[in-house]
Amino acid sequence: MSETPDPSPNVTPAFKAENEVFAPKSSTIISPNQFAFVRLPSEGMKIVELKPGGIINLGKFGAFAVDGVLGYPFGQTFEILDDNQVTPIESITYEADISEDVELSEGGAEAAGPELTKDELTKLFTNSSENNQNIINIGSSIQKLSSEEIDSLKKSGASSDFGQKIIEQIIAGHAGFDKKTIFSQQKYLKRKQQKFLRRFTMEYLGSSQLLKYYIEKDSQRVLDMSEETLGLLLNYANVRQGGRYLLVDETGGVVLYAMMERMKGQGTIVVAHDNEHPNHIALRYSNYQPSMVEDMVKPINWLQFMEPENERIDWVTATEDELNDMKFAKRQQYERRSKRAQEVNSVIDQVTTGNFDAVIVVSTLNLPSLVPHLIGTVGGSRPIVLYHQYKESLLDTQHSLSNDKRVLAPSIFETRVRPHQTIPGRMHPVMSMRGFGGYILWATRVFPKEGGVTAVGRGVSKKKKDEEAKVEEKDVVMEEAKDDKA
Amino acid sequence: MQSRRCADPHLVRIDAKRWQGPLFYPFRCSYIAWNRDIMSFYKYKDIIEEGDFVLAFIGRGNLKHITVTPGSVLNTRYGSFEHERMIGMKFGDQMSGARGVGFIHLLHPSPELWTISLPHRTQIVYTPDSSYIMQRLGVTTGTRVIEAGTGSGSFSHSFARTVGSEGVLFSYEFHEPRFLEAKKEFQEHGLLDVNTLITHRDVCNGGFEIESIPERFSSDCKSVNADVVFLDLPSPWTAIPHLQKVIAKRSRVGICCFSPCIEQVEKTVKALQENGWSSIEMVEVAGKRWEARKEMVKDISDVVKRLKDIQSRKSQGIENRRHAKVVGEKREISEVNDEDSGSEPKKFQNLGKGFNPFGKGLRVKEGDDQWTWTNVTKIEADIKSHTSYLTFAYMNPNVRIAEFPKQTTTNESS
Ligand SMILES: C[S@@+](CC[C@H](N)C(=O)[O-])C[C@H]1O[C@@H](n2cnc3c(N)ncnc32)[C@H](O)[C@@H]1O
């Protein structure tokens, strides 16, 4: 590192620490009483709750005291020491940053250079930003290490750097490690580190992290949606602070969570669902105040949505006298019912008023039969964004919409991120990745002109042209303009 | 080539002044009174008013942006559309052309629609890339973003929308005409009034610091204090060392460098490592559009049936001829000739009679009810097979920045 942050930071007392539980949760500082996302060297992940005084167990990677991580910024990596204590470190794994001069020596493993001392080797693993060019020279003084020896080391190793020691010994014990190419050495090291390093990164539980967690656990629960598809969905739907959206979300609330994150407490999301209560299981990890969720999220079931006038509750407000006459239990029941009637009627009003800033559907319901009921609630020129795990479902939907003049230019989009191995001189796409991600249909809500319009025809056979123009207009897609290679 | 220096803040100020003067501001002549309160990229409105920014959807990949100005006319090959008539119409309305000929749709701008309709001054970042970058770096309401260079402002609009009025977009462009055009555009689109600050600067030489940040864009520490950095310029590695001074010190900062060549990525990765960035990862985004099409279902049994039909009609034809000879009926000369010059199935189908299950020889419109179809997707004809490599990294302060008093009361809750 060229510029290390000031080692003696100006530690400030935390904001509003007195009433922690009710204070707004932080998205930048690891703060008590909120959920956080833990990344492990194995690329595994975990969602944890940061209870002050608590201990969090990471299985084979060890356990740590919550108090030790509080106050650091999210994104910080820690190494687990003895007694569940932690120390901040720079990176979760050794990063392959072989420098160019080594790269140039094609001989790879055979390249000459100074021997690495044990200290240097240890350092190599402690500090990722050390220059690791000498790794190829790891000793010829080979000591074989049996798996029993590793086990015994592991057992005895309560010390902070025991993971590193194991790796170090494994390298030393790996006959012919120095004969491997740089690349395979790096791969080998990485694998070993993933197994033995007692490190973790504490990240903010944003929507991307939450989605990753579910993808890892059971991607079907989020209908196979990838991070890039979620990003595309949010942008095509033009989700922003203060918006009013109609949402169908069968991911257990992950999409809702992502929208709330973008809206930061301002705006309305009417959520249509097919049960008595919506399933927003993902929100239990959210760091939003329940009152804020209540303000923003308005559930409506499909019956209420489809038959609003039948489902509206006729509520007769009790008079002052009537209220006074009520027994306590009766009065409570009255208040509950009154609140519920207001909620139901107000969300029904939201839907009948319509003019939503977007409709977003992430569902397994049959879209060709569902979507026509939603279009009318969308405001003019606002986006209609449909997600589906299967392209075929969107295909059928697009065909079924092709005669609906309220929908302009529906198109199906796919986005896939391809990760690369990021070692200078050895960059290439990774060899395998999961094939999933889903598809997006994006269209714009429009108002067809009453009585229809006449398309323009030119040239001799005007009538024929008219037909063509109509076809063309109907099939228009929002095609991205060509790059004028600047 | 790109050594133009404008590191001197004084110089920047001169540039800003020049921008005001008509002499150096050729766009002035085409100046139209745009609606001063325009908020197109921050909230929707329903009714079109004079001075509004409207995207006229004309057809396939053909959106025209206009500022509604009475007296002006939008001329397209689908008709002419007087601005005056747009006033009072709804966003989303279909509008017919003068004398009822042709039509367009009047759309409300959004960053995504702007990206597919903007005037290209440079290559631009498209929605599959920009949406992924924002999602991955956690850009939300309130995020403070650095973007260099501004280019055609495609990504700028998207950033500005998402960070909203609580966030700030610091955009830098060193090419003066492009800077001026972008600044004018951002002004007209309402970006500058809400959350965007565009600076004329060579960031590779002059860095990112801004002398006097307007009060409303200022952070606690009166500096740029960026949470997220996006570099889309030819040599990001020369800009990276300048970032230290302008990024947030008390929270993690994310960066994405957008470069088309792998050699650029190599240099960028090294610069990131040398400057203390970690978790470096490079990816590519492949965005595709699929077209919904229909393919005719051609059943083999129909093929067989048709062949039989042809055969039977053929033999029938021969029968008829024999019959004709016997009875001595008068026949069309052409018909006789046709049959004489080898009776191939082709002729039968050209007669337009007979069993013709797939509409051979006819102009069949895709999806025509008379035939059977199956739904298929077809990939768009030209796909963007490579936009750029996206190199991501993070900068961690690696220090404790807040102290939480030990709480004895909450322990029992776990
Ligand atoms: C490819 S364009 C950016 C496109 C932009 N991201 C968009 O979506 O429209 C790159 C821009 O960076 C500008 N640029 C290149 N080097 C620069 C520098 N050192 N400082 C500031 N701007 C620079 C160029 O003038 C050009 O306009």
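Calculation criteria
All residue numbers here refer to positions counted from 1 along the written sequence of the relevant chain. To read the labels, note that chains go from A and ligands from 1, taken in the order they are written. pLDDT decides what is reported in this predicted model: residues at 70 or higher carry local features, side-chain atom pairs at 80 or more are listed and counted, and totals for whole chains, interfaces and linings draw on all residues regardless. As a rule here, side-chain values cover all heavy atoms of the structure and leave hydrogens and water aside. Any residue with a non-hydrogen atom lying within 4 Å of a molecule or strand is treated as near it. Polar contacts here mean pairs of N or O atoms no more than 3.5 Å apart (in protein, one a potential hydrogen donor and the other a potential acceptor; neighbouring residues in sequence count only if both atoms are side-chain atoms). In this description, accessible areas are obtained by the Shrake-Rupley approach with a 1.4 Å probe, and a residue is regarded as covered only by the protein chains that are shown. Helix and strand labels come from DSSP, where a helix needs a run of H or I of at least four residues and a strand needs a run of E of at least two; each type is numbered from the N terminus. Ten residue types, Ala, Val, Leu, Ile, Met, Phe, Trp, Tyr, Cys and Pro, are classed as nonpolar, four, Asp, Glu, Lys and Arg, as charged, and the remainder, Gly among them, as polar. Any two rings among Phe, Tyr and Trp, with Trp reduced to its six-membered ring, count as a pair given centres within 6.5 Å; such a pair is stacked if its planes are under 30 degrees apart, edge-to-face if over 60, and tilted if neither. Only protein chains enter the area calculation, which uses a 1.4 Å probe; residues under 20% of their type maximum are buried, those over 50% are exposed, and those in between are partly exposed. Cation placement over rings: the criterion is NZ of Lys or CZ of Arg within 6 Å of the ring centroid and within 35° of the ring normal. We call two residues in contact when some of their heavy atoms are within 4.5 Å. The buried area of a pairing is the accessible area, by a 1.4 Å probe, that goes missing from both parts when the two are put together, added over both. Counted as salt bridges are all cases of a side-chain nitrogen of Lys or Arg within 4 Å of a carboxyl oxygen of Asp or Glu. UniProt positions are given in the numbering used here, feature names are shortened, and annotations may be inferred rather than shown by experiment. When DSSP finds two or more bridges between two strands, those strands count as paired. Here, axes are lines fitted to C-alpha atoms. For helices the fit covers the stretch in contact, and angles between N-to-C directions go from 0 to 180 degrees. Among the buried residues, those of types Ala, Val, Leu, Ile, Met, Phe, Trp, Tyr and Cys that are joined through side-chain atoms within 4.5 Å form a nonpolar core. Roughly parallel covers angles under 35 degrees, roughly antiparallel covers those over 145, roughly perpendicular covers 65 to 115, and oblique covers all other angles. Note on convention: the crossing is left-handed when the near helix lies turned anticlockwise from the far helix by less than a right angle, right-handed when the turn is clockwise. For patch building, the residue pool is restricted to those with more than 30% relative accessible area and no salt bridge; the joining distance is 9 Å between like charges and 5 Å between nonpolar side chains (Val, Leu, Ile, Met, Phe, Trp, Tyr). Across the chain, each position has a pLDDT score giving the predictor's confidence in that residue, from 0 to 100. For this text, the term disulfide refers to a pair of cysteine sulfurs within 2.5 Å.

## Let's talk about the site of the ligand
All names here are of chain B. Lining the immediate environment of the ligand, one finds 22 residues, of which Glu173, Arg178, Arg201, Asp202 and Asp232 sit closest. Between an oxygen atom of the ligand and a side-chain N or O atom of Glu173, the distance comes to 2.5 Å. Val203 places a polar main-chain atom, nitrogen or oxygen, 3.1 Å from a nitrogen atom of the ligand. Protein contact buries 93% of the 600 Å² of open area that the ligand shows by itself. At the level of elements, helix 5 (154-163) and helix 8 (203-206) are the ones that each hand at least two residues to the shell around the ligand. Among the residues making up the shell around the ligand, the classes are represented as 8 nonpolar, 9 polar and 5 charged.

## Concerning the packing of aromatic side chains
Taken as a whole and judged by the stated rule, the model has 21 aromatic pairs over all chains. Where A:Phe35 meets A:Tyr285, the ring centres are 5.3 Å apart and the plane angle is 80 degrees; that geometry is what we call edge-to-face. In this pair, A:Phe35 sits in strand 2 (residues 35-39) while A:Tyr285 sits in the loop between strand 10 (268-273) and helix 9 (290-296), placing the two residues 250 residues apart along the sequence. Per residue, the accessibility class of A:Phe35 equals that of A:Tyr285, and both read buried. Relative to A:Tyr214, the ring of A:Tyr213 has its centre 5.6 Å away and its plane inclined at 70 degrees; by these criteria the two rings are edge-to-face. Exposure remark for A:Tyr213: the relative accessible area of 13% places this residue in the buried category. Classification of A:Tyr214 by relative accessible area gives buried; the value is 2%. Feature note: the residues A:Phe35, A:Tyr213, A:Tyr214 and A:Tyr285 constitute an aromatic cluster, connected by ring pairs. Above the face of the B:Phe217 ring, B:Arg216 is positioned so that its terminal group lies 4.3 Å from the ring centre.

## Some details on the interface of chain B and chain A
Across the contact, 110 residues belong to chain B and 118 residues belong to chain A. For the pair chain B and chain A, the two sides together bury roughly 9900 Å², of which 53% comes from carbon and sulfur. Its largest share of buried area at the contact with chain A, chain B owes to B:Tyr44, B:Arg400 and B:Phe404, together 9% of the area lost on that side. There are 4 salt bridges connecting chain B and chain A.

## Overview of the UniProt feature "binding site: S-adenosyl-L-methionine" (unreviewed entry) in chain B
All names here are of chain B. Mapped onto this numbering, the UniProt entry gives "binding site: S-adenosyl-L-methionine" (unreviewed entry) at Glu173, Asp202 and Asp232. Across 60 residues, the annotated set stays spatially compact, with a maximum C-alpha separation of 12.7 Å. If you trace the backbone, Asp202 turns up in the loop between strand 9 (196-200) and helix 8. Under the relative-accessibility criterion, Asp202 is labelled buried at 2%. Structurally, the position occupied by Asp232 is in the loop between strand 10 (228-231) and helix 9 (236-239). In this structure Asp232 comes out as partly exposed when scored by relative accessible area, which is 26%. Excluding anything up to four places from it in sequence, Asp232 contacts Val125, Ala148, Gly149 and Phe258.

## Remarks on helix 15 (residues 391-401) of chain A
Among the residues making up helix 15 of chain A, those that are buried are A:Lys391, A:Leu394, A:Leu395, A:Thr397, A:Gln398, A:His399 and A:Leu401. Tucked inside the fold, the buried residues of helix 15 of chain A contact helix 14 (367-375), strand 13 (383-388), strand 14 (407-421) and strand 16 (439-445) of chain A together with strand 12 (278-296) and strand 13 (373-379) of chain B.

## Points about the sheet that holds strand 6 (residues 76-80) of chain A
Residues and elements named next belong to chain A. Spatial strand order, 3-2-8-6-7: 5 strands in an open sheet with antiparallel pairing. In this open sheet, the two edge strands, each paired with only one partner strand, are strand 3 (45-49) and strand 7 (86-89). Between one strand axis and the next, the sheet turns through 35 degrees on average, direction left out of account. Summarising the sheet, strand 6 and strand 7 pair through 4 bridges and their orientation is antiparallel. The residue of strand 7 that forms the bridge with Ile80 is Val86. Seen against the sheet, helix 6 (residues 207-218) touches strand 2, strand 3 and strand 8 (199-204) and runs at an angle of roughly 120 degrees to strand 3.

## Regarding the nonpolar core
Residue and element names in this part refer to chain A. Grouped together as the largest cluster of nonpolar side chains are 75 residues, with contacts concentrated most on Leu210, Leu233, Met259, Met260 and Ile269. Here the element with the most residues in this core is helix 8 (residues 254-263); it accounts for 8 residues. Excluding its chain neighbours within four sequence positions, the residues that come into contact with Leu233 are Met225, Val255, Ile360, Val362, Val385, Tyr387 and Ile440.

## Things to note about the packing of helix 7 (residues 227-236) of chain A against helix 8 of chain A
All names here are of chain A. Between helix 7 and helix 8, whose axes approach to 11 Å, the crossing angle comes to 55 degrees. When the interaxial angle is binned, helix 7 and helix 8 end up oblique. The handedness of the crossing between helix 7 and helix 8 is right-handed. Facing Leu230, Leu233, Leu234 and Asn235 of helix 7, the residues of helix 8 in contact are Val255, Ala258, Met259 and Arg262. When its residues are assigned to classes, the contact of helix 7 with helix 8 shows 6 nonpolar, 1 polar and 1 charged.

## Topic: a nonpolar patch on the surface
Residue and element names in this part refer to chain B. A cluster of nonpolar side chains, Ile300, Val303, Val304 and Leu307, forms an exposed patch at the surface whose accessible area comes to about 330 Å². Structurally, Val304 is set in helix 11 (residues 300-327). For Val304, a relative accessible area of 38% corresponds to the partly exposed category.

## A word on the environment of A:Gly354
Residue and element names in this part refer to chain A. Structurally, Gly354 can be placed in the loop between helix 13 (328-353) and strand 12 (358-362). Overall, Gly354 belongs to the buried group, its relative accessible area being 2%. Placed 19 residues apart in sequence, Gly354 and His373 show a C-alpha to C-alpha distance of 12 Å. Not counting chain neighbours up to four residues away, the residues in contact with Gly354 comprise Arg244 and Thr377.

## A look at helix 7 of chain A
Residues and elements named next belong to chain A. With 10 of 10 residues buried, helix 7 lies mostly within the body of the structure. Of the positions making up helix 7, those classed as buried are Glu227, Glu228, Thr229, Leu230, Gly231, Leu232, Leu233, Leu234, Asn235 and Tyr236. One or two steps after helix 7, the chain reaches Asn238, where phi turns positive at roughly 55 degrees.

## Considering the confidence of the model for chain A
Residue and element names in this part refer to chain A. On average, residues of chain A score 78 in pLDDT, and 67% of them reach the 70 mark or higher. The low-confidence segment residues 95-145, where pLDDT is below 50, has 103 contacts with residues more than four positions distant or belonging to other chains. Here residues 458-486 is modelled with pLDDT under 50, and outside its nearest four sequence neighbours on either side it reaches 66 contacts, counting other chains as well.

## Looking at the state of the cysteines
Considering all chains together, one arrives at 0 disulfides over all chains under this definition. Counting only cysteine sulfurs, B:Cys257 is the nearest neighbor of B:Cys256, a cysteine outside any disulfide, at a range of 6.6 Å.

## Details of the sheet that holds strand 6 (residues 103-107) of chain B
By way of backbone hydrogen bonds, the strands of a sheet pair with one another, either parallel or antiparallel. All names here are of chain B. Judged by pairing direction, the sheet is antiparallel, and its 4 strands sit side by side in the order 2-1-6-5 without closing on themselves. If you trace the sheet from one side to the other, it starts and ends with strand 2 (62-67) and strand 5 (94-96), each paired once. Neighbour to neighbour, the strand axes of the sheet diverge by 35 degrees on average, direction disregarded. Bridge analysis of strand 1 (residues 53-59) against strand 2 gives 6 bridges, and the strand direction is antiparallel. Bridging across to strand 2, Leu55 finds its partner in His65.

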